[in-house]
Amino acid sequence: MKKPPYQSVMGFDFGTRNIGIAMGQAVTQTANAISPIKARDGIPNWEELERIVEEWNPDAFVVGIPLNMDGTESDMSRRARKFANRLMARFNRAWHPVDERLTSFEAKEWAGRLGHKGHYGSNPVDAMAAQLLLESWMNGEGAELLAVN
């Protein structure tokens, strides 16, 4: 398993219908959204995800953990951790959790400023949420794990 420092990190906004994905670079500590993938009750098409991971070849993963507003675990946070553990086992890369409370709200606000009409079912903002949570991690608790020099 690749150990820090990381050159690149892939972030995920876990959901039961869509999983947002973003790719982050250590040098700039910024991320770019990648098209989200569909999920069936939180289970992605692993072959599609494998193609994406092989194409981008990240050193590690960051997965948003949707905690309750009081900081306690929720059913969705447990499911996100399960997804992250499967990522680690399948792709032999470490994963790091990031608190994603309000990330989807922030992504919707951002999308609205960019002209999004609010049809989140047909035009989801999951990849934007993944970008936001990944950049938050890279510029916060994950900064020391990045190869910036």
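All of these numbers come straight from a predicted model, not from anything done at the bench.

Secondary structure summary: the protein contains four helices and six strands in total. Walking the protein from its N terminus toward its C terminus, one meets helices and strands in the order β-β-β-β-α-β-α-β-α-α. With 149 residues in all, the protein has 47% of them scored as buried. Contacts spanning at least 24 positions in sequence make up 66% of the contacts within the protein whose residues lie at least 6 apart.

In this section: unusual backbone geometry. Of note in the backbone geometry, D41 takes a positive phi value of approximately 55 degrees without being a glycine. Relative to the elements of secondary structure, D41 occurs in the loop between strand 3 (30–40) and strand 4 (43–44). Residue D41 is classed as exposed on the basis of its relative accessible area of 52%.

What follows covers the sheet that holds strand 2 (residues 18–25). Two orientations exist for strands paired in a sheet by backbone hydrogen bonds: parallel and antiparallel. Spatially, six strands are ordered 4-3-2-1-5-6 in an open sheet, and the strand pairing comes out mixed. Edge positions in the sheet fall to strand 4 and strand 6 (95–99), since each has one partner strand and no second. Bridge count for strand 1 (residues 8–13) against strand 5 (residues 60–65) is four bridges, and the pairing is parallel. The partner of M10 across the bridge, within strand 5, is F61. The strands touched by helix 2 (residues 75–91) are strand 1, strand 2, strand 4, strand 5 and strand 6; relative to strand 5, the strand with the most contacts, the crossing angle is about 170 degrees. Across the sheet, helix 4 (residues 126–138) touches strand 1, strand 2, strand 3, strand 5 and strand 6, and the angle it forms with strand 2 is around 40 degrees.

Moving on: the packing of aromatic side chains. Under the definition given, this model contains six aromatic pairs. Aromatic pair F61 and F91: ring centres 6.1 Å apart, planes at 70 degrees, arrangement edge-to-face. Of the two residues, F61 sits in strand 5 while F91 sits in helix 2, which places them 30 residues apart along the sequence. On the basis of relative accessibility, which here comes to 0%, the residue F61 falls in the buried class. By relative accessible area, F91 is classed as buried at 10%.

Rules used in this analysis
- Residue numbers restart at each chain and count upward from 1, following the sequence in its written direction.
- For this predicted model, a pLDDT threshold of at least 70 governs which residues receive local features, and a threshold of 80 or more governs which side-chain atom pairs are given and counted, while totals over whole chains, interfaces and linings are taken from all residues.
- Side-chain calculation: all heavy atoms of the structure are included, whereas hydrogens and water are not.
- Strands here mean DSSP runs of E at least two residues long; helices mean DSSP runs of H or I at least four residues long; both are numbered from the N terminus.
- Think of it in three bands: residues with accessible area under 20% of the maximum for their type are buried, residues over 50% are exposed, and the middle band is partly exposed, with areas taken using a 1.4 Å probe on protein chains only.
- Any two residues whose heavy atoms approach within 4.5 Å are treated as being in contact.
- Following DSSP output, two strands are said to pair if at least two bridges run between them.
- For helices, the fitted line uses only the C-alpha atoms of the stretch in contact; every axis is such a line through C-alpha atoms, and the angle between N-to-C directions lies from 0 to 180 degrees.
- A pair of aromatic rings is counted whenever rings of Phe, Tyr or Trp (Trp by its six-membered ring) have centres within 6.5 Å, and the orientation is called stacked for planes under 30 degrees apart, edge-to-face for over 60 and tilted otherwise.

By themselves, these are just geometric observations and shouldn't be taken as functional.
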